[in-house]
Amino acid sequence: MDKIGFESLGSEEIDALKELGNIGVAHAATSLSTMLGKVVEMNVPNVVVARISEVHRYFKDELVSGVVTALEDMENGRSGYLYISFPNAEKVAKLLTDDANLVESTIIELGNILSSSFCNAIAEMLGIVLIPSPPSFAFDASIAIVESIVAQIAEKGDSVIIFETELREKEDAVEITIALIPDENFLGYIMKMFGMLG
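Quick caveat: nothing in here was measured; it's all calculated off a predicted structure. (Residues numbered from 1 in each chain as written. Predicted model: local features only at pLDDT ≥ 70, side-chain atom pairs only at ≥ 80, totals over all residues. Heavy atoms only, no water.)

**Focus: the pattern of salt bridges**
- Counting across every chain of the model gives one salt bridge.
- Between E166 and R168 there is a salt bridge, with the nearest N and O atoms lying 3.6 Å from each other.
- For E166, a relative accessible area of 25% gives the class partly exposed.
- The exposure class of R168 is partly exposed, given its relative accessible area of 27%. (Salt bridge = Lys/Arg side-chain N within 4 Å of Asp/Glu carboxyl O. Buried < 20%, exposed > 50% of the residue type's maximum accessible area, 1.4 Å probe, protein only.)

**Description of the pairing of strand β2 (residues 63-73)**
- Across the eleven residues that make up β2, a large majority, nine, are buried.
- Looking at chain direction, β2 and strand β3 (residues 77-86) are connected through nine bridges and run antiparallel. Residue pairing in the sheet places S65 in a bridge with F86 of β3.
- Here three bridges tie β2 to strand β4 (residues 130-132), and the two strands are oriented antiparallel to one another. Bridged to E72 within β4 is I131. (Helix = DSSP H or I, 4+ residues; strand = E, 2+ residues; numbered from the N terminus. Pairing = 2+ DSSP bridges.)

**Looking at the confidence of the model for the protein chain**
- Here the protein chain averages 84 in pLDDT, and 91% of its residues register 70 or above.
- Averaged pLDDT values for the elements of the protein chain fall to 77 in helix α5 (residues 184-193) and rise to 92 in strand β5 (residues 136-141). (pLDDT = per-residue confidence, 0-100.)

**Some remarks on a nonpolar patch on the surface**
- A cluster of nonpolar side chains, contributed by M74, V129 and I131, occupies part of the molecular surface with about 290 Å² of accessible area.
- Of note, M74 is situated in the loop between β2 and β3.
- What makes M74 exposed here is its relative accessible area of 57%. (Patch = residues over 30% accessible without salt bridge, like charges linked within 9 Å, V, L, I, M, F, W, Y side chains within 5 Å. Areas by Shrake-Rupley, 256 points an atom, 1.4 Å probe, with all protein chains shown as cover.)

Laid out in structure tokens, this is it:
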């Protein structure tokens, strides 16, 4: 059986994925603003859908801080992973806290909020129950982390959805990359949403 893929996605479907991403990060921004007592904004200006074989184009060898979250679908069990990378973790932490010693804990907490918000947005849009695991902190080359995730679901999925995200506090902004690596069942839910599967 051929793997389900995103080859036939058009601009409307990409826009729908971008909307999904913006809903997720907007929820996260609201939670952050409430927690920190200041206005934090987030948006997804671009979404890239890539084959697993193409991930080297989007993830590099530079060491970055990030978090990995496993996704559990109540019906089918493990459904994929979220990998959130922070190419400039120190700047992200500085936007959110004044304590330079709290970089790792700040990244983990932000990853936790982003993962939960993304899961809620995805689950609501797809009409499923999706539960994130507690995020695991990772400091490594982003491509190495993605490859380790891919190795776990290589037989069950063939696509990566990359949400290029911006976090802004006042005039300061920093880029974050959120990668959704779905297995075939999860990918099927998304394709059904687009009306591409029966």
